[in-house]
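One letter stands for each residue in the lines below.
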Amino acid sequence: MDIAKGLLILLVVMGHIPVMFRNIMTDNYQYISYYDIPHSYVRCFFMQAFFVLTGLTTNFERPFPAYLKRCLKGILVPYLFFSCITFLVGRIFWEQSPFYHIGEESYLFVFEDFWFLQSLFTAKILYYIVRRSVNNCWITGSILLLFVLISISISYGYADHESPSHFHNYFHYRNALAMCIFVWLGDMFRGGVKLSLLRNASVVFLVISIVSFVLIYAKLPLPQIIEAIILPVQYTHESNLNSLLSIPSYLIYAVTGTAFVFYIAILISNMNCRMIEYFGRNSIVVYCLHFTFLQFIIRGLYGLIVPSSVFLAILFFLLCLALTVLLCGISIWFFNLKYVRCLIGKW
């Protein structure tokens, strides 16, 4: 599973390069943005896949005090530590405000940073409660599907807001409600999954991705039911799951995309994948620090390479990725030192 996590966290870093470039620079975004086209399909599953992995690797049989302690150590401690570090760096170098302003409301930075860790913590607690309260796994799955419906219903009320995915989304609970079902899916397959099943699901993912890509760029009129199955739903902290018609696509892309990554991870497991495993075992450090690294790297590289053509944009992108991976690798080594690892909950 470490290889799968490593592949996923590298996809996260790659996806944030054009996002951070757009946030920092106002010019020459055209060619960098080309990566958004394939990544729009990655965004349909890469965060959901982490929740599936959580279900696969978490021991839900622990007593609740022990379970809660592990959640606090493994998620909230590194979340709070890196959130404060990120804010201090932003405050020192870019005069970042301690508050995020969303419409007429303001939220302290610790309640908006690292949405994934917030929703993961909430989802793990919710899933534990439901799982331990219901003996039947299929009833549990039905309840968690109801959670998805509740998330959509609440989000629908904020659909016209200027930032609907953030507005009144305290500790990103709506994301957690929509993601709990993937923790259940991972828990269901704890005993193992046949390689043929992963392969077939991977084929489905590739086929529907190619078909939807063609339909989107051909701009053909489609019935709503076809759109609900074919068109990708990119559900992260910047997108809003607010339509019942989006549920089929949301689940299909997330499940088949996750299977695709798992299948690739199994295929390359016999190769020398130590770096990928290294990043997978320490994905929380990579996730929390790569944002800050990208801000420095993009600003520094832009003074040397202006991505004003396809070739220069590819070069810029690859250099950003390589430097971020290098800095994250060094950071992983540092935060695994004996007297430092306690800062991120490793004690």
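Please refer to the structure higher up on the page.
A quick note: this is a predicted structure, and the numbers were derived from the prediction, not measured.

A closer look at the overall build of the chain
Okay, so step 1: Per the secondary structure count, the chain includes 14 helices and two strands.
Okay, so step 2: At 20 Å, the chain has a C-alpha radius of gyration in line with the 20 Å of a compact globule built from 347 residues.
Okay, so step 3: Along the first, second and third principal axes, the C-alpha atoms of the chain reach 60 × 55 × 55 Å.
Okay, so step 4: Taking all 347 residues of the chain together, 51% fall into the buried category.
Okay, so step 5: Contacts in the chain between residues far apart in sequence, at least 24 positions, make up 77% of those at least 6 positions apart.
Okay, so step 6: Averaging the positions of the 22 positive and the 15 negative side-chain charges in the chain gives two centres separated by 17 Å.

Quick notes on the packing of aromatic side chains
Okay, so step 1: Taken as a whole and assessed by the stated rule, the structure comprises 29 aromatic pairs.
Okay, so step 2: Pairing Y67 with Y128 gives two aromatic rings, centres 4.3 Å apart and planes at 25 degrees, and the pair type is stacked. Residue Y67 is found in helix α5 (residues 64-94), and its partner Y128 is found in helix α6 (residues 115-133); the two are separated by 61 residues along the sequence. Each member of the pair Y67 and Y128 is classed as buried.
Okay, so step 3: Cluster of aromatic residues (ring-pair linked, three or more members): F50, F51, F114, W115, F116, Y287 and F291.

Some details on unusual backbone geometry
Okay, so step 1: At F171, a residue that is not glycine, the phi angle is positive and equals roughly 55 degrees.
Okay, so step 2: Tracing the sequence through the fold places F171 in the loop between α7 (137-156) and α8 (173-188).

A closer look at the packing of α5 against helix α13 (residues 283-302)
Any two packed helices are characterised by how steeply their axes cross, that is the angle between the axes, and by the distance between the axes.
Okay, so step 1: The geometry of α5 relative to α13 is characterised by a closest axis approach of 9 Å and an angle of 10 degrees between their N-to-C directions. On the basis of their axis angle, the class for α5 and α13 is roughly parallel. Crossing handedness for the pair α5 and α13: right-handed. Between α5, through G74, P78, F82, T86, V89, F93 and W94, and α13, the contact on the second element is made entirely by I284, V285, C288, L289, T292, Q295, F296 and R299.
Okay, so step 2: Its residues placed into classes, the contact of α5 with α13 shows 10 nonpolar, four polar and one charged.

Let's talk about α13
Note: α-helices contain 3.6 residues per turn, so residues at a spacing of three or four share the same orientation.
Okay, so step 1: Spanning 20 residues, α13 covers 27 Å between terminal C-alpha atoms, matching the ideal 28 Å at 1.5 Å per step.
Okay, so step 2: At L289, α13 shows its strongest bend, of approximately 40 degrees.
Okay, so step 3: Extensive coverage of α13 is indicated by the burial of 16 of its 20 residues.

Focus on a nonpolar patch on the surface
Okay, so step 1: Where nonpolar side chains cluster on the molecular surface, the patch consists of Y34, I37, L206, I210, F213, V214, I216, Y217, V310, I314 and L318 and spans about 990 Å² of accessible area.
Okay, so step 2: Of all the secondary-structure elements, those providing two or more residues to the nonpolar patch are α9 (195-218) and α14 (310-335).
Okay, so step 3: When residues of the nonpolar patch are assigned to their parent elements, the largest contribution, six residues, is made by α9.
Okay, so step 4: Residue class for F213 comes out partly exposed when judged on its relative accessible area of 35%.

Overview of the nonpolar core
Okay, so step 1: In this structure, M47, F116, Y287, I298 and F316 are the most contacted members of the largest nonpolar core, which totals 106 residues.
Okay, so step 2: The contacts of F316, once residues within four sequence positions are left out, are F21, I32, I298, L301, Y302, I305 and P307.

Focus on the pattern of salt bridges
Okay, so step 1: Counted by the stated rule, this structure contains three salt bridges.
Okay, so step 2: A salt bridge links D187 to R131; its shortest N-O distance comes to 2.5 Å. Of the two residues, D187 is situated in helix α8 and R131 in helix α6; the sequence distance between them amounts to 56 residues.
Okay, so step 3: The class of D187 is buried, set by a relative accessible area of 11%.
Okay, so step 4: Exposure remark for R131: the relative accessible area of 23% places this residue in the partly exposed category.
Okay, so step 5: One salt-bridge network, held together by shared partners, links E61, R131, D187 and R190.

Points about the side chain of H290
Okay, so step 1: In this structure, H290 sits in helix α13.
Okay, so step 2: Classification of H290 as buried rests on a relative accessible area of 0%.
Okay, so step 3: At 3.0 Å, the side chain of H290 and the backbone oxygen of V286 are in polar contact.
Okay, so step 4: With near-sequence residues (within four places) excluded, H290 lies in contact with V12, V13, H16, T324 and C328.

About the cut-offs
- Note that residues are indexed from 1 along each chain, following the sequence as it is written.
- Totals for whole chains, interfaces and linings use every residue, but because this is a predicted model, local features are given only for residues with pLDDT of at least 70 and side-chain atom pairs only at 80 or more, for both listing and counting.
- Note that the side-chain values use all heavy atoms of the structure and ignore hydrogens as well as water.
- Secondary structure elements follow DSSP: runs of H or I of four or more residues count as helices, runs of E of two or more count as strands, with numbering from the N terminus.
- Computation of the radius of gyration draws on C-alpha atoms, with the globule rule given as 2.2 Å multiplied by the number of residues to the power 0.38.
- In this scheme, a residue with accessible area under 20% of its type's maximum is buried, one over 50% is exposed, and one in between is partly exposed, where area comes from a 1.4 Å probe on protein chains only.
- By definition in these notes, contact holds between two residues if any of their heavy atoms fall within 4.5 Å.
- Positive charges come from Lys and Arg alone, negative charges from Asp and Glu alone, with His and the N- and C-terminal ends not counted.
- Charge positions are represented by NZ for Lys, CZ for Arg, CG for Asp and CD for Glu.
- Whether two aromatic rings pair depends on their centres lying within 6.5 Å, for rings of Phe, Tyr and Trp, where Trp uses its six-membered ring; planes under 30 degrees apart make the pair stacked, over 60 edge-to-face, and the rest tilted.
- With axes taken as lines fitted to C-alpha atoms, and helix axes fitted only over the stretch in contact, angles between N-to-C directions fall between 0 and 180 degrees.
- Oblique is the label for any angle not covered by the other classes, which are roughly parallel (under 35 degrees), roughly antiparallel (over 145) and roughly perpendicular (65 to 115).
- In this scheme the crossing of two helices becomes right-handed for a clockwise turn of the near helix relative to the far one and left-handed for an anticlockwise turn of less than a right angle.
- The classification used treats Ala, Val, Leu, Ile, Met, Phe, Trp, Tyr, Cys and Pro as nonpolar, Asp, Glu, Lys and Arg as charged, and all other residues, Gly among them, as polar.
- Expected helix span is computed as 1.5 Å times (number of residues minus one).
- At any given residue, the bend is defined as the angle formed between two axes, one fitted to the seven residues that end at that position and one fitted to the seven that begin there.
- A patch is a set of surface residues, each over 30% in relative accessible area and not in a salt bridge, joined within 9 Å for like charges and within 5 Å for the nonpolar side chains Val, Leu, Ile, Met, Phe, Trp and Tyr.
- Surface exposure here means Shrake-Rupley accessible area, sampled with a 1.4 Å probe, where a residue is shielded only by the protein chains that are shown.
- Salt bridges are defined by distance alone: a side-chain nitrogen of Lys or Arg within 4 Å of a carboxyl oxygen of Asp or Glu.
- Take the buried residues of types Ala, Val, Leu, Ile, Met, Phe, Trp, Tyr and Cys, join any two whose side-chain atoms come within 4.5 Å, and each joined set is a nonpolar core.
- Residues adjacent in sequence count toward polar contacts only when both atoms are side-chain atoms; beyond that, a polar contact is any pair of N or O atoms within 3.5 Å, and within protein one must be able to donate a hydrogen and the other to accept it.

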